[in-house]
Each structure stands twice: as structure tokens, then as C-alpha cells.
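Per-entry structural report
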Amino acid sequence: MSDVSNTKGTTGGLIWTGTVVAYAAVVLFPIFWMALMMFMPNDAMFARPTVWTFTPTLAHFEYVIEQGFYWNLVTSFLLCLVSTALVVVIGTPAAYAFARFEMKLKDDLFLFILATRMAPPVCLVIPFYFIFAKVGLLDTFAGLTLAYMTFNLSFYVWVLRSFCRDLPVELEEAAALEGWSRAQIFRRVVFPLLRNGIVATAVLCFIFAWNEFLFAFMLGGETVQTLPVSIPKLITSQGVRWGEMAVVGITALLPVLTAVFILQRHIVRGLTLGAVKG
Amino acid sequence: MTTVSDAVPVDMHGALPAPRERFWYPYLLIAPSMITLTVVSLIPFIYTVYLSLHAAKFGRVTEFIGVDNYIQLLTDGRFWNSIGIALVFVGIAVPIEFMLGLAGALVLNQQIRGRSILIPLLFMPTMMAPIVVGLLWKIMLAGSWGFISYNVLERFHLIGQTSVFASPDLALYALIFVDIWQWTPFMMLAFFAGLQALPLGPYRAAAVDGANGVQIFFNITLPMLTPLLVVIGLLRFIDAFKVFDTVFVLTGGGPGIATETPSILANKMTFEFWNIGEASALAVLVWIAFFAFCNIFYQVAKKRLNAF
Amino acid sequence: MKKRSWSVAATLAASAIIASGYGASAQDSFYAKAAAPYKGTTIRVLDEITPLQETLSKIVPEFEKETGIVVKWELLNHFEVINKGQADMLSGRGYYDAVMLHGFQVGPMLSAGVIRPVDDLVKNPKLANPKLDTADFIPKPYKTLAFANGKQLGFVNWNYNQIYWARADLLNDPTEKAAFKAKYGYDLAPAKTFKQMLDIAEFFTRKKGAMLAGKPLESDFYGVVLEGIKGGSTFGTLWRDFIQNYGGDIMDAEGHPTFNSPQVIEALKMWAALWKFAPPGIAEYSLVDVPTVMGKGIAAQTLAWSDFVLGVDKPGGSPYAGKFVYGPIPVKEGFKGGRFAEAEPSITVISTGSKHPEATFLFLEWLVDKKQQDKLVALGQGGVPIRETSWALPAIKGSSNKSLYAAMKSTLDVAAAKPRMPKFYEIYDALSGIAQEVGLGKLSPEDGAKKGQEAMLKLCTKCLM
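Residues numbered from 1 in each chain as written. Chains lettered and ligands numbered in written order. Predicted model: local features only at pLDDT ≥ 70, side-chain atom pairs only at ≥ 80, totals over all residues.

Points about the domain arrangement of chain C
Residue and element names in this part refer to chain C.
- Domain boundaries in chain C define domain 1 (26-156 + 344-413) and domain 2 (162-341 + 419-459).
- Listed as interface residues are 19 residues of domain 1 and, on the opposing side, 20 residues of domain 2.
- For the side of domain 1 that touches domain 2, the elements supplying multiple residues, two or more each, are α3 (51-59), α6 (103-111) and α19 (402-414).
- Considered class by class, the residues forming the side of domain 1 that touches domain 2 number 11 nonpolar, eight polar and no charged. (Domains from an automatic or database assignment. Contact = placed C-beta atoms within 7 Å. Helix = DSSP H or I, 4+ residues; strand = E, 2+ residues; numbered from the N terminus. Nonpolar A, V, L, I, M, F, W, Y, C, P; charged D, E, K, R; others polar.)

Shown next, in the form of C-alpha cells:
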């Protein structure tokens, strides 16, 4: 079903492949350069003229490990995992209900969900900070998990709902005729069909949470410090530690890249948002 | 990989009527989400509205001042400047991301070797933390020591005695460029996914009729893809309007106020001036504008484009 | 078995008591006695990270040994310490018992009422160290910083200050010296006036391939570098180093804006003239970038924060370490008035949200105590003194970097905290935007002065507290 417009032969395919590879080489060059900087000695880093060959050093990695950045990595990972899992558990039934059932004020309730995403996050940080300060949620795992729900839960419900609408209703009707309960239908019929969509949307939520800076900076602290928040520590009075920054930046990219690599089929499917109708 | 949409006849999203005795069932399903969103979004938002109606310098809520904060904001040239900048930003960045994304998706949809490796790689700019994207482009474009500044701009004397982010004329466009770099892959991947999910039938018919590639694109592909394009375009529009991290890292809103987007201005009002009341008013105004826009958009798109 | 574990525990307990008793008697310090009621208390203190605090953090654990008060000492970078410290104080959360404030933060934080004055603590004989010798604090920064509205806010913790910083190897090069003299008619030396600074800037700005001190340049070289980013201390540099040394100010004694005075315009002209000889990236250079640019050897001279010099001008800090020379901030040629210099004396204050003001106060006293300050200078092999007696310490007096400390002293002699302005941040933001536009040539100095005055008047007609 894919490659619908492929009417040319393999030569055409090769040309297109070449185009994409060339495009990728240009677009990804800055990332490649940053990856090189992980191994670049400081004096070669911004040398004028640019130094292309250098003796690789592991000094930046040593510093990053010495300073305990792996701990930020663990924090980030746990936080994003827990908050994404919560979003999936809470959001999936809602997305399904919005797609499947008639409800009073359904459109309004649904718009409410979308609306929670509209205000600039910068403006919400201080209300959050003051509320959290009052109830003692600052610099706690629970606090940040909760804060991340603001942008991820609405996104998740919104996207997954479109996906739910594409499920064939007949299967559920047939199951209902068999006398299955709602819960059974959801577990045995709906869930397996929804898996692609759930994985894709959850990965996107994970990425958003993983990369988030402002909430993590203001609402976190010494105890809960995510990886992005640890980066400004590398701007020191001796100048910016660019090599270490490259290490942290690229390290932060790797888990997400791996996840996308492994789960790309689900993601490509899920990303259609179920919005494509004939 | 496409069993679901292949098996599903075209207009298939019927709604199950809830059994009469179980009318509460759907409400039960949405309850956890609604409660969570009320706690994490509605309460802070109501608090924001409350703050916007009070004098709240330094976060100390003192007296009720009605809409003074709003008047203050609406009569402030700087606020309108930030809206103007956001509109230029969105107006240039989003259409280009859109076009490039669509073109890229069409190319990706050809017979590409090693697509499963290329796709995650191409997606990398979108996967990076925005703060890292900002630093990355600082490494590339910073005045006198940036990689591209030195090797391209300075060598060929492209922009004279200035640097990209230090020039009031160039800084905004440089930020737009960074945004395009960061988000085109997202558009590309989403549109590619859409193309992959299109049913084959219409294409077979078109092939029988002997339609050429251009006709096929405009008569079949584009109309079928429209709902997706609309949804993704809207999401990107909202997010691009609120752009913060990259601008903050690269220019901080300068030089002068040449790149001061509403989010940067709000950040300044909050963390520099501690004018919490006025910053809250800004949040509410942006929210209302989006809400009105999305509401209309939702109604229109639902009727005309079957997009939601 | 049981018996044995019991005896182990008893031994441990006994040794703990002995150790603590021994510790107290060995120190026998004022702080050990005064802290007795607060033993076991945990206090949190937020400070900024610079080489000075990095050294201090090696000394801080000794306070716990001496007093039994546990100090959680948290360091964040310049921008974070402002954001987070203020958010904590303003929200009343009181997570931090004490927060370091730069001088300019004091005005806004005072008007928010979140600083706990220390007068009662200073008067309490149980808490006030009679031997603290506050008369030894370098007077001007301390007096302008630590007192407001007849109340004492704390002591003085850091004397951040700006100095003139240039490349000695270039200024002393015989060929360059001869060429300079031929062109400008006087001897090449570290600039004492802004006119000289401008001449040096013009003289040393050279293209790639040109000769510099007898060697061909591999890339462009610039006569000067200044902080030019929006925010940071860009405007502080313009205000306190340029405008005030041209005899002007941004407001008069009553706080009425005077940004359109002829002196301000003259200073803005010099500011704009210097920018022409700076690297193209100047408008994005922050206070961190300027020392980096100097360390990389891209520019001939600058005005920069002296504590950053300590990180650059040391073995391994830069290929040009040891080849720098320092001096007082230049003034207008023939300037007769009192000299000025940008400085940011900073103070650690007790937050009104603190639940342990007494224990925190003891720590603040201990920090500025001569003993700790001497240790700080010794450990850091120099530093930025807050006490007059520190100038005489071997690490400073015997330093090979004599011109650095002479320059620092010249700045600290006249360094004052920023005047208390409730709208400091708004004013600063508006004027630092204008500083950029004038520097970049987008606004003429006259128009910049006019626009700045309008912007200030819009914010306040009486800008002082």
C-alpha cells in the first residue's frame, strides 16, 4: 500500500535516495559537528581557522561523569517514564470515550482539553510555583510529574481520539452481541487495535517531557534535576564548557533516537492522527 | 502494517450509542482525565486570571484593580511589538516548514533505500531538546567564533561588520531559520505517515484513466491529505506562536526588542520585573485569542474538512 | 554475640562524644559557643558560582565541624541564582534561609519586603561576635550595600568589580610601540582615559594576514571587546564606567531621570565609537563571553569583571596567561570629578521565610570573619577581598600579578552598590536595549539619550526608594 507513486524503476529510486541522503548530510551537519565536539580538545574547539583533525580526548566525558550527570539522566528517565505512563493510563479511556460515545456537551468538554494547551507555558510557571510552594510540591518527583500532565495529557487525548475514531465499530458490536462486558471489549478488542496509536503518541509525550526546560528548572531543584536543567551548570565563570555541553546534548538525544528507531513503524502509523479519511 | 485502514471502509467512525442504563459510562471514562486537567490546568489558569485582575508586583497580591493590567498591556507598544514579531515569525516559519515538510514527505514516499535508517536520522532536529538546539546554533552562528559565521559568513564577507544574532535586521530571520530547521522534520514525518495511510483504490483508478503525476497530486493526494495538513498546521501554529527556548538561548529577545516574542516578553515581566499581574494578563489574552481562533477553526474544519 | 555488639555500640558512642567534645575545646571559638542552642539545625544557603565560591565551598564544611549547624550550600550560575533566589524569597517558601543578592537586586527585594533585617541579631550579645571587626570591611561597598532605611541587611560577601584589562605583550612590543607613537604622538601604555582606549582600539584592529607584534594574523584581530548583550551587566558598564566618568548620571540626587544630559550623550558617543573596533559578535557577548574572548586572544583590551580574570589569567586558563596587564577604569580626558567604576558588591541576606534566622546569622558572621576570609584568599591564591587587611596577605601582596590587585583596589576604593530603585529591572531593560542600539549604530547617541530619557520617565519620575 505504500510507495503508491512509484512508477519509475530502481534508477528513480536511487536518485531519490541520493537526494534524501544529500539533504540529510546538509541538515544534520550541525549535529555531526556537535558530536565531534564531544571528543575535541578545548584548544581545537573554536580555533580560527577551524581545525578539522585533532587527537580525540575523553576529558569531557570524564568531567561529565565526575560531576554526576548520569544522576540527572536517571532522574529525567524515571520522571518521563512515570509521567508518560500516567498519561497513557488516564488518557486512553478518555480518548476512547470521546471517539465512541455520545455525551452531553461533548464538543465543549473536548475543546476544554485542547484549550489547556493554549496559554504560553512561561506564564503558567509562576502560578504553579506559588501553588506548589504552598502545598510543598516544589522540588518533588510528584510535583513535576503533575506539572508535565498540563501539556502532555491534553495532547495525548487529542491525538489518540482521532486514532480511536478509525477503529472498526463492527468488531465491538459483534463482541457486544457475544455478551462481553465493556471492560472485556476494551481490553480484548479495542486495546490491541489501538496499540500503534498509543505507542506513537506516548513516544511523542515522552519526547516533550524529556526536552522540557522551564517547568523542570523552576519547579525542580537539587533533588529533582532533569538533564536539560543540568546544562546551564556548564556555563561557568571560566567560560562555557562546550565539550561537556556537547556530551550532555548528544547523550540526551540518544535514548529518544533509539526509541524512535525501534518504534518507528508504530510512530509513522500513529502520527497520521487518524485524520486521513478518503 | 496497514491492516486497520485497509480493512476499514471509508467513513467508519460511527458512534456507539451508550446503553441506556449505562449513560454514565462514557463520563466514567473521561472522569480521570477531566479531574487531572482541572487540577493541573484549570486551577492554575483560574489563579492566573485572578492574578491578572490584581496588583501583583513581586508576586505579592495586594489590591483588586480590575482590568488595569489589561489596559496597561494593550497600551504598551512593546506588547504589540511582540505580537507583530510572533506574527512575522509564524507567518514565515510555518508555511515554509509546511511546504518543505510536504515536499520531503513526497520524496520519502518514493522508493528510498534504507528508509528505516534515514527516517529516525532525519527526525533528529525535532527530537533534540530546544535548549540544546539553541546552543547548537550558537555554536554554528555566534559572532566571530561560530562555525558557520567564521567559515562561511566571514570568509565570503556576506553580512559585513556584524554577526547574525547581533544584527537587528537579521536576528529574527536567523531564529526563523532555526525554527524551520528544528520543525520541518516533524512536518515531514507526519505528512509521510499520512501518505503511507492513504488507500490505494483512487490511485489505481487514476492510473487506469492515465492521469499524470501532477494531476494525481492535486486531484487525489492533496484532497485526501487535507484533514491531516490542517491538524498538523494548527498544532504547529500554536506552538510556533509561543516559541521560547531557542529565542531565549540565542538572542534573549535582542538586539533591542527585535526578537522579543510574547513568551520572551512574558518571561521578562515575570522573572525580571516580577510584574506578575501584567504577565498573567498577557497569558490570558493570548489564551483568549487562541481559544477564539481554535473554536472557529474547529467548527469550520469539522464541517468543511472533516478534520477532527 | 549480643554482648559484643553492645560493647561496639558503646565504644562508638563514647568516641563520638569524645570527638565532639574534643572538637569544641580545640576550636573554643565564639561560634562554637554561640551555636550550642542550634546544634543539629540544617540551614540552606544559595550563592552564585564563580571561582571565588568554588574556593569557598572547600571552607564551608568547617563551619559544621565547628558549630554542629549543618549548612547546605547550593551554587547556581549568575542568571539562575537571580531567578531562583528571588522566586524563593518572593513566594515566602523559605526553602533557602539565606540568599545571595547582587547589589542591584537589593532595591526591588527591599520594596517587596522579603529581606529580614539583622539589627536585632547584631545587637544580641549571644549572637554577635564582638571581634567581627566590621571596620575592616572595605568601606564604600559595605556602607552602600548593607544598610537601607536605617536598617542593617547583612554584611558584604562579594566585592565583584570591573577593571581595565589589556594585552601586555602587545602594549610592550617595541615595533608596535614605535608605530603607535608615530601615529598618535604619545607612548603606548594601558589606557588611563577613554580617548587613549579608543586610540588603542583603533590602532590594534587589524585584518587577517596583517602583522601583529611581528607575526602575521591567522584571523581578524580587534582593538577592544565589551559586553554587549541585552541584560547581563552591559548597561552597568555603560552607566558606571562611561556615563559617570564623563560626569553624568542616569538620574539626579532626587531620582529624577537625566539620561538626556550632554554628559550622557558624550559618553554614548565614546561607547558607540569603541563598538566599531569590537568583534562582530559584541552585541551577543555576555559577561561570560568577554573574558573568554580575551583568553582566546582575539582582542587587545576590555573592561571586565575581575573575578573572571582569576579563571583566565592562570596557568592552563589561557594560552595568553601571564601576558596581561590591568589598570583602573579609564576616565574622560581631563576629568576632574570623583572617579567611578562599575562594581557589584553582593550580600547574603536572610529571607523573611527563614525558620532559622539565628543559626543563619551565625553562619553569615562566620563567613565574613577574618579567619575565613584569610583562608579564602590563601586557598584561592588570591581573590577579591572584602576586608582591607586582606590586601596585605601574602597571596595578594606577593602575587606576581601586581597590576591586577592595584586595579582591583582602585575600583573598590570608589565602588558603591547600585542606588535602591524599585523599578531597577524595568529601567535596566529599557536602557540596555538602547545601549545596544547606540553601540550598533542603529540610534545616534543624541537619539539614544532622548529615547532613554523618555523610557525612564515613562517608568518613574522619582526613581529612588
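Text resumes after the structure shown.
Describing the interface of chain C and chain B
- Taken together, the 22 residues of chain C in the interface contact 23 residues of chain B.
- For the side of chain C that touches chain B, the secondary-structure elements that each account for two or more residues are α5 (78-91) and α20 (424-439) of chain C.
- The greatest single-element share of the side of chain C that touches chain B, amounting to six residues, is contributed by α20(C).
- When grouped by side-chain class, the residues that make up the side of chain C that touches chain B number 10 nonpolar, six polar and six charged.

Structural notes on unusual backbone geometry
- The phi dihedral of Asp139(A) falls on the positive side, at around 55°, and the residue is not glycine.
- Along the chain, Asp139(A) falls in the loop between α7 (121-135) and α8 (141-165).
- Here Asp139(A) falls in the partly exposed class, since 17 other C-beta atoms lie within 10 Å of it.
- A positive phi angle, close to 55°, is found at Asp133(C), a residue other than glycine.
- Residue position: Asp133(C) is located in the loop between α7 (119-123) and α8 (139-146).
- Exposure remark for Asp133(C): the 14 C-beta atoms within 10 Å place this residue in the partly exposed category. (Buried ≥ 20, exposed ≤ 12 C-beta atoms within 10 Å, placed from the backbone.)

Digging into the interface of chain B and chain A
- Across the contact, 103 residues belong to chain B and 90 residues belong to chain A.
- Looking at the side of chain B that touches chain A element by element, the count peaks at 16 residues for helix α2 (residues 25-52) of chain B.
- Of the residues that constitute the side of chain B that touches chain A, the class distribution is 75 nonpolar, 23 polar and five charged.

Things to note about the environment of Ser116(B)
- Tracing the backbone shows Ser116(B) in helix α5 (residues 115-122).
- Note: C-alpha distance between Ser116(B) and Leu234(B) (118 residues apart in sequence) is 28 Å.

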